[in-house]
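Examination of the molecular architecture
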Amino acid sequence: MKIRRALPADFSELAALDREVWQDFEFIPDGEHVWRLWTEHAVVSCAEMGSRIVGAILAFPCANGSYCVHKVFVKAEFRGKGLGSQLFELLLTDLDKENLVCFLTVDPANKAATTLYEKWGFTERKFVKGYYRSDEDRYVLSRPPLKPV
């Protein structure tokens, strides 16, 4: 297994994996057009097994200079092996090197994810009612850049 920064040439494979991973959920996958932009202008890393991308994480830049950790996903048969955590740790290391603030959103009912994000330094928490739709509340968790120890 190899974890690496995604290249612009990876955009179509990342978009296909995004569609595959989210097919059983109510979430809308992102299309090729946006993955093309993200691989060029955002922080995107991927997990690769042989020549196949089996997981990815991305954070895109926002107008205020912070980065939004938009999604992390791993192909079903590779879940539970720590790939998501490895991808997250690489992303946070890359953002810390550039001294960048990042944030993400999480369902307030998802206590396990909230606890994990807090371990990774997402310490500021803001509740937003109806963040996406009237019935979809979220916590917005923020993380300042951490200094290397």
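By convention here, each chain's residues receive numbers from 1 onward along its written sequence. Two thresholds apply to this predicted model, a pLDDT of at least 70 for residue-level local features and 80 or more for giving and counting side-chain atom pairs, whereas whole-chain, interface and lining totals are computed over all residues. Just so you know, side-chain values use all the structure's heavy atoms and leave hydrogens and water out.

Let's talk about helix H2 (residues 32-41)
Under the scheme applied here, a residue whose accessible area is under 20% of the maximum for its type counts as buried, over 50% as exposed, and between as partly exposed, the area being computed with a 1.4 Å probe on protein chains only. By the criteria applied, helices consist of DSSP H or I runs no shorter than four residues and strands consist of E runs no shorter than two, each listed in order from the N terminus. Residues Val-34, Trp-35, Trp-38 and Thr-39 constitute the buried set of H2. Buried residues along H2 cover an arc of 135° about the axis, so they all sit on one side. Residues of H2 that are exposed and angled more than 90 degrees away from the buried face: His-33 and His-41. Whether two residues are in contact is decided by their heavy atoms, any of which lying within 4.5 Å being enough. Of the surrounding secondary structure, the elements contacted by the buried residues of H2 are helix H1 (11-21), strand S2 (43-49), strand S3 (52-61) and strand S4 (67-74). Along the arc lie the directions from the helix axis toward the C-beta atoms.

Some thoughts on H1
Taken together, the buried positions of H1 are Leu-14, Ala-15, Leu-17, Asp-18 and Val-21. Looking straight down H1, one finds that the buried residues subtend no more than 165° of arc, so they occupy a single side.

Considering the nonpolar core
Generally speaking, nonpolar side chains in soluble globular proteins are found buried as a group. In this description, a nonpolar core means a group of buried Ala, Val, Leu, Ile, Met, Phe, Trp, Tyr and Cys residues linked to one another through side-chain atoms lying within 4.5 Å. One finds Val-69, Phe-88, Leu-95, Tyr-117 and Phe-122 to be the most contacted residues of the largest nonpolar core, which totals 25 residues. Listing elements by their share of this core, those giving two or more residues are S2, S3, S4, helix H3 (83-97), strand S5 (102-106), helix H4 (111-119) and strand S7 (138-143). For this core, the leading source of residues is H3, giving 6 residues. Sequence-distant contacts of Phe-88, defined by excluding residues within four places in its chain, comprise Ile-57, Val-69, Val-72, Leu-104, Tyr-117, Trp-120 and Phe-122. Ranked by size, the runner-up nonpolar core spans 16 residues in total, among them Ala-6, Ala-42, Cys-46 and Leu-58.

Details of the sheet that holds S2
At least two bridges found by DSSP between two strands is the condition for calling them paired. Spatial strand order, S1-S2-S3-S4-S5-S7-S6: 7 strands in an open sheet with mixed pairing. Because the sheet does not close on itself, it has two edges, and the strands there are strand S1 (2-5) and strand S6 (124-128). Across the sheet, the mean angle separating the axes of adjacent strands is 25° when strand polarity is ignored. Sitting on the sheet, H1 touches S2, S3 and S4, and the angle it makes with S3 is about 100°. A fitted line through C-alpha atoms serves as each axis, taken over the contacting stretch for helices, and the angle formed by two N-to-C directions is quoted from 0 to 180°. Lying on the sheet, H2 is in contact with S2, S3 and S4; it crosses S3 at an angle near 75°.

A few points about the pairing of S7
Consecutive side chains of a regular strand alternate in pointing toward one face of the sheet and then the other. Of all 6 residues in S7, 6 are buried; the element is thus mostly enclosed. Judged by which residues are buried, S7 turns out to be covered on both faces: Arg-138, Val-140 and Ser-142 on one side and Tyr-139, Leu-141 and Arg-143 on the other are all buried. As judged from the 5 bridges shared by S5 and S7, these two strands associate in the antiparallel manner. Its bridge partner lying in S7, Phe-103 is registered against Ser-142. Sheet topology note: the S6/S7 ladder contains 5 bridges and is antiparallel.

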